[in-house]
Amino acid sequence: MAVSRRSFLARAAGAAATGFAGFAAAPAFAAATPSLLPVPTKWDMTADVIVAGSGIAGMCAATAAVDKGAKVIVFEKGKYYGGAAVINGGIIALQGGTKWQREHGVTDTPERLYGHLTDPANPEYKKNNPALVKKYAEYCGPTQEWLEAHGVKFLPTATKPGKYDSQHHEFYLHVYTDEPGDGNRKPQPSGGFMGGRGVMMPLKAYCEKKGVEILFEHKVTDVYRNAEGRVIGARVEAGGKVINVRARKGVVIAGGNFKSNISMRRYIDPRFARAEIPATGYPHYEDDGSAILAGLKAGAMFEAGRGEDTPYMRRMFGTSTYGFPKGSKFGHPGIGVKGRRWGDVIFTNETGKRFVREEDKKDLGGFTFYDMALVQPNLVVWTIFDEAAAKKNHWSIKEDVCEPGYAFKADTIEALAEMTHQPELAAQVARYNGFVDAGKDEEFGKPAALLKTKIAQGPFYAVRLVVFLHNCPGGLSINDNAQVLDITGKPIEGLYAAGESCGGLYVGNGMPRGIIPGRWAGEHAAAAKAA
């Protein structure tokens with residue numbers, strides 16, 4: 001792909017102005033509205049259960065509630081259905097004695113799963129709320145059959161622990177979908193695809209058949225509490241107007257996390273509060289934190305999440321969007337650089353200097369790849385490789401793969417350095433090739449097994465590595481009925497939260513932590529006495 005120096009400079013200028021090329025930062029929030037809004041004298045709409053968000057947590061809450069006979073309305077703040085789940089890759093960490101495990105001779109129990117998800121030596125799970133994990137472990141095994149009863153199909157394959165990639169460590173079932181959609185998917189030899197769409201579209205069809213109304217570009221901004229403190233409705237913004245909606249039994253907050261809200265990112269790490277870090281999912285969906293804020297303004301307590309950095313972050317190569325396939329209207333797929341392919345590349349900063357050991361593993365010795373990337377000037381990271389590596393790994397920088405302005409090619413390293421403004425690149429590549437010849441990386445200690453490929457066969461490539469914020473652990477504090485807790489730890493009657501809008505539960509995969517607490521919320525709300 002030929003990209004002129006002028007177009008690169010123009011794109012860089014745009015990045016400086018907007019925070020990052022191709023990424024629109026979430027708008028700054030106005031001053032918070034009062035924590036307790038006056039109850040409307042007139043309601044514009046009425047339902048038994050109101051759900052904020054059409055992602056997997058919201059749709060499972062809606063499904064569980066409608067199965068109990070409740071009238072349900074789902075309000076989705078964005079233009080598109082399904083949140084993160086409808087565009088994900090279709091892996092789901094269901095364990096504890098699933099139908100799949102029984103059919104394949106895998107012995108597992110809720111007790112084993114509980115111990116795993118509360119292991120104090122596991123940095124991802126050590127902060128989990130034991131009460132939530134206990135009920136989660138009991139629900140997890142039968143969840144495959146619950147999903148199948150609502151139209152979801154599973155593939156006969158699965159991924160063993162540690163075999164997916166360096167950032168996914170659990171045992172995963174695979175979800176089948178017959179339609180590719182605009183999100184991540186993997187074609188299957190027998191036809192169809194593996195993809196999260198296979199969960200979300202059946203749930204949508206089921207709910208709509210049962211009379212659930214799903215309204216798009218309707219944002220829940222606040223909830224209403226009566227004189228006794230019970231939540232009895234929600235304030236919804238749509239088309240420049242305010243709609244007051246009565247909830248006879250409950251409001252479920254399931255509007256995702258706050259990864260697109262730069263200010264709220266400080267809840268987990270001040271390093272993330274910068275516009276140069278885009279959020280995954282954009283522009284299909286944008287987790288602006290508004291649903292969580294609705295709960296906080298009503299007096300809810302915030303509860304943090306897990307204690308390790310790596311699951312917060314993701315990375316892509318040659319694109320400013322995350323997880324979209326070729327031809328998607330939402331973004332470019334970029335190239336796949338993971339695992340042993342790190343032996344074929346070096347990573348450089350904006351001056352052309354290496355800054356980390358190119359070894360794709362979670363822990364590099366008390367720090368992570370992301371720790372090092374986050375401190376590079378202007379968060380500029382390049383992936384450098386040659387034609388031999390491109391052919392070996394089937395890497396293409398054509399415009400249907402890499403986003404314009406994020407991938408460059410030149411006949412010589414010197415020309416590539418000038419094109420991408422990396423003044424030290426040529427010297428760095430020569431030094432690295434010397435390490436390959438010597439069989440020892442004197443700078444960062446790259447393992448000998450990965451130090452076998454010189455960057456020497458032109459043409460040469462520089463592909464932008466983009467660091468994304470993916471998981472924002474933490475949200476509204478809940479009990480094991482998914483009831484939201486106030487700052488004294490007592491349930492706020494009529495208010496529920498699930499999925500990435502609540503804290504205290506991380507299980508190694510986003511879908512089940514949405515599905516299972518979503519079910520708790522829907523079941524409990526539907527069974528509540530009407531206000």
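The structure displayed is predicted, hence computed values, not measured ones. (Residues numbered from 1 in each chain as written. Predicted model: local features only at pLDDT ≥ 70, side-chain atom pairs only at ≥ 80, totals over all residues. Heavy atoms only, no water.)

Q: Help me understand the packing of helix α5 (residues 130-149) against helix α12 (residues 510-527), please; the structure alone is not making it clear to me.
A: Axes are the key here: two packed helices are described by the angle between their axes and the distance separating the axes. Running from amino to carboxyl end, α5 crosses α12 at an angle of 95°, the nearest separation of the two axes being 9 Å. The angle between α5 and α12 places the two elements in the roughly perpendicular class. Of α12, the residues touching α5 (which contributes L132, K135, Y136, Y139, C140, T143, W146 and L147) are P512, R513, I515, I516, R519, W520 and E523. Among the residues forming the contact of α5 with α12, the class breakdown is 10 nonpolar, one polar and four charged. (Axes fitted to C-alpha atoms, helices over the stretch in contact; angles between N-to-C directions. Helix = DSSP H or I, 4+ residues; strand = E, 2+ residues; numbered from the N terminus. Parallel < 35°, antiparallel > 145°, perpendicular 65-115°, else oblique. Contact = heavy atoms within 4.5 Å. Nonpolar A, V, L, I, M, F, W, Y, C, P; charged D, E, K, R; others polar.)

Q: How do you make sense of the environment of L296 when you look at a structure like this?
A: By secondary structure assignment, the location of L296 is in helix α7 (residues 290-297). Accessibility expressed as a relative area gives 21% for L296, which makes it partly exposed. Placed 73 residues apart in sequence, L296 and V223 show a C-alpha to C-alpha distance of 9.9 Å. Dropping the residues within four chain positions of it, L296 is found in contact with Y267, M301, F302 and L476. (Buried < 20%, exposed > 50% of the residue type's maximum accessible area, 1.4 Å probe, protein only.)

Q: Help me out: how do you make sense of the confidence of the model for the chain in this one?
A: Low pLDDT marks stretches whose predicted atomic positions should not be read closely. When pLDDT is averaged across the chain, the result is 91; 91% of the residues are at 70 or more. Note that pLDDT drops below 50 for residues 1-35; the model gives that stretch 64 contacts with residues more than four away or on any other chain. (pLDDT = per-residue confidence, 0-100.)

Q: Explanation requested: the packing of aromatic side chains in the structure shown.
A: In this description, an aromatic ring pair is defined by two values, namely the gap between the centres and the angle between the planes. All chains considered together, the criterion is met by 20 aromatic pairs. Measuring from ring centre to ring centre gives 5.5 Å for W342 and F369, while their planes differ by 65°; the resulting arrangement is edge-to-face. Here W342, found in the loop between β15 (313-317) and β16 (346-348), pairs with F369, found in helix α8 (residues 369-374); they are 27 residues apart in sequence, far enough to count as distant. There is no split in this pair, since W342 and F369 are both buried. Members of the aromatic cluster, joined through ring pairs, are F317, W342, F347, F355, F369 and Y370. In this arrangement the basic side chain of K204 is found over the ring face of Y81, its NZ or CZ atom lying 5.7 Å from the centre. (Phe/Tyr/Trp six-rings, centres within 6.5 Å; stacked < 30°, edge-to-face > 60°. Lys NZ or Arg CZ within 6 Å of the ring centre and 35° of its normal.)

Q: Looking at this structure, I do not really get the pattern of salt bridges. What am I missing?
A: It is possible for side chains bearing opposite charge to pair when their charged atoms get close. Under the definition given, this model contains 26 salt bridges. A salt bridge links D400 to K326; its shortest N-O distance comes to 3.6 Å. A residue pair is termed long-range when its members are at least 10 positions apart, and D400 in the loop between α9 (387-393) and β18 (407-410) and K326 in the loop between β15 and β16 qualify at 74 residues. A salt bridge links R357 to E359, with the shortest nitrogen-to-oxygen separation between them at 2.8 Å. (Salt bridge = Lys/Arg side-chain N within 4 Å of Asp/Glu carboxyl O.)

Q: Would you mind going over the environment of T143 with me for this structure?
A: Note that T143 resides in helix α5. Measuring from C-alpha to C-alpha, the distance between T143 and L94 comes to 7.4 Å, with 49 residues separating the pair along the chain. Setting aside residues no more than four positions away along its own chain, T143 makes contact with L94, I515, I516 and R519. At a separation of 3.3 Å, a polar atom in the side chain of T143 contacts the side chain of R519. (Polar contact = N/O pair within 3.5 Å; in protein donor to acceptor, adjacent residues only side chain to side chain.)

Q: Explain the environment of N226 to me, please; I cannot follow it from the model alone.
A: Mapped onto the fold, N226 is located in the loop between β11 (219-225) and β12 (231-238). Residues N226 and L465, 239 residues apart in the sequence, show an inter-C-alpha distance of 50 Å. A polar contact of 3.0 Å, which involves the side chain of N226, links it to the backbone nitrogen of E228.

Q: What exactly am I supposed to notice about the side chain of N257 here?
A: Mapped onto the elements, N257 comes out in the loop between β13 (241-253) and α7. Reaching out from N257, the side chain makes a polar contact with the side chain of E500 at a distance of 2.7 Å. Every residue in contact with N257, bar those within four places of it in the chain, is listed here: D287, D288, G289, I292, H470, C472 and E500.

Q: Where do I start with the nonpolar core in this structure?
A: Counting 125 residues, the largest nonpolar core has V72, F347 and F369 as its most contacted members. Each residue touching F347, except ones within four places of it in the same chain, is listed here: F317, W342, K353, R354, F355, V356, E358, F369, V381, W382, T383 and L465. In terms of nonpolar packing, the next biggest core, distinct from the first, is built from 18 residues, I346, F408, I413 and L416 among them. (Core = buried A, V, L, I, M, F, W, Y, C linked by side-chain atoms within 4.5 Å.)

Q: Please explain helix α10 (residues 413-420) as it appears in this structure.
A: Turn by turn, an α-helix covers 3.6 residues, leaving residues three or four places apart pointing in a common direction. When we look at burial in α10, the residues that qualify are I413, L416, A417 and T420. Considered in projection along α10, the buried side chains sweep an arc of 100° and stay on one side of the axis. Those residues of α10 that are exposed and angled more than 90 degrees off the buried face are E414 and E418. Two residues or fewer after α10 comes H421, characterised by a positive phi angle close to 60°. (Arc of directions from axis to C-beta.)

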